[in-house]
Amino acid sequence: MHAPHPETWLKTTPRGLYVEPGDFYIDPTAPSDRAVITHGHSDHARGGHRHVLATAQTLSIMRLRMGDEAGRQQQALQYGESLTIKDVTLRLIPAGHVLGSAQVVLEYRGSRAVVSGDYKRRRDPTCPPFDVQSCDVFVTEATFALPIFKHPDDKDEIAKLLQSVQLFPERAHLVGVYALGKAQRVIMLLREAGYDAPIWLHGALVGLCELYRSSGLDLGEFRHVGDMPKSGLVGQIVLAPPSAIEDRWSRRLPDAVNCAASGWLRVKQRAKQRGLELPLVISDHADWDELNATLDEVGAPEVWVTHGREEALIHAASQRGIRTRALSLIGFEDEDPV
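Cut-offs and rules
- Residues numbered from 1 in each chain as written.
- Predicted model: local features only at pLDDT ≥ 70, side-chain atom pairs only at ≥ 80, totals over all residues.
- Heavy atoms only, no water.
- Helix = DSSP H or I, 4+ residues; strand = E, 2+ residues; numbered from the N terminus.
- Buried < 20%, exposed > 50% of the residue type's maximum accessible area, 1.4 Å probe, protein only.
- Phe/Tyr/Trp six-rings, centres within 6.5 Å; stacked < 30°, edge-to-face > 60°.
- Lys NZ or Arg CZ within 6 Å of the ring centre and 35° of its normal.
- Salt bridge = Lys/Arg side-chain N within 4 Å of Asp/Glu carboxyl O.

Visitor: Mind showing me how you'd approach unusual backbone geometry here?
Guide: Working note: non-glycine residues mostly have negative phi, and peptide bonds are mostly trans. The phi angle at Asp27 is positive, at roughly 50 degrees, despite the residue not being glycine. Secondary-structure assignment places Asp27 in the loop between β3 (24–26) and β4 (34–36). Taking the relative accessible area as the measure of exposure, Asp27 reaches 4% and is therefore buried. We note that Arg109 has phi near 50 degrees; this positive angle belongs to a residue other than glycine. Along the polypeptide, Arg109 turns up in the loop between β9 (102–108) and β10 (111–115). What makes Arg109 exposed here is its relative accessible area of 55%.

Here it is, written out as structure tokens:
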């Protein structure tokens with residue numbers, strides 16, 4: 001008996017990917033009876049589901065961000081642990097995106113599909129690395145799937161920030177970062193580069209940084225920026241959501257050097273539009289080369305692309321003999337693009 005092709009049981013619906021024989025959705029965009037959540041970003045983890053399955057870290061992030069809307073019933077699954085839901089066997093494996101992020105490995109009657117969620121391939125001290133898993137169909141994002149997107153070395157970008165701090169000791173450095181994942185990664189990169197001074201945080205970042213610390217990550221000393229008068233922030237590094245750079249909130253900082261950390265800042269026009277003096281190209285997604293290398297490493301004969309710059313990735317994969325399909329799912333993008 002031949003194994004059924006994943007397209008016969010893994011369906012694209014207006015609500016997102018639906019695993020028909022298991023009767024559950026993966027990252028549904030509307031309240032659902034049963035939802036498997038890949039990670040805690042708001043375009044993947046939404047409120048109002050009855051039953052939510054995810055890693056323990058993702059569930060903690062959802063509770064912090066959503067409170068009672070994080071799911072009436074919550075079930076944690078460890079990386080590599082198997083769970084059978086009706087006729088489907090499910091495992092979560094690391095995606096390397098943010099704390100708790102997971103790929104969903106699905107097996108049904110000898111057929112295997114991997115739904116990767118969002119992922120990156122670079123080392124990140126804040127989460128386990130991406131786990132390559134062979135499969136019949138690999139479902140991938142394509143956020144940075146254009147040849148222009150080739151992310152530089154993270155250490156070099158952090159070195160630019162520290163050099164600027166030395167060059168302008170009379171100014172504060174305001175770095176726009178996503179609250180979940182990017183803030184904590186930038187902090188850890190600074191620590192690894194030898195920066196041991198306190199790092200000052202916008203209030204919107206404090207809770208998630210505390211959650212990361214409670215998960216065992218040593219972020220060093222960080223403080224709420226509201227606890228320090230303007231004069232005390234001279235020469236300091238301040239992290240805040242990207243929107244804060246253009247907000248009146250930034251006026252509390254002494255002659256701030258406006259910075260931001262994002263893969264989108266490879267496009268210089270974006271940095272110019274946002275009035276950034278120091279763009280830092282640091283991404284939590286795979287770049288063009290890494291996306292293509294991932295498809296080759298996974299070795300799936302068929303690839304489905306969920307969202308992003310899908311045309312270029314589909315063309316490149318097809319040229320290598322990989323069958324491709326664009327799912328064009330609605331509602332999945334960076335939660336706070338720069």
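Next comes the rest of the write-up.
Visitor: For this particular structure, what's the right way to read the packing of aromatic side chains?
Guide: Each aromatic ring pair is described using two quantities: the centre-to-centre distance and the angle formed by the ring planes. A full pass over the atoms with the stated rule returns seven aromatic pairs. Considering the side-chain rings of Phe144 and Trp264, the 4.6 Å spacing of their centres and the 55 degrees angle between planes classify their relative orientation as tilted. Linking Phe144 in the loop between β11 (137–142) and α2 (154–167) with Trp264 in the loop between β16 (257–261) and α5 (268–273), this pair joins segments that are 120 residues apart in sequence. In textbook terms, an aromatic cluster arises when at least three aromatic residues are bridged by ring pairs, as seen for Tyr119, Phe130 and Phe138. The ring of Phe168 has Arg171 lying over it, and the distance from NZ or CZ to the ring centre is 5.6 Å.

Visitor: Can you help me understand the pattern of salt bridges in this one?
Guide: Two side chains of opposite charge can pair, provided their charged atoms sit close to one another. All chains considered together, the criterion is met by 19 salt bridges. Here Asp154 and Arg185 are joined by a salt bridge, their closest N and O atoms 2.6 Å apart. Here the residue Asp154 occupies a position in helix α2, and Arg185 occupies one in helix α3 (residues 182–192), the gap between them amounting to 31 residues. For the pair Asp154 and Arg185, one class covers both residues: buried. The network of salt bridges with shared partners includes Lys120, Arg122, Asp124, Asp154, Arg185, Asp284, Asp287 and Glu290.

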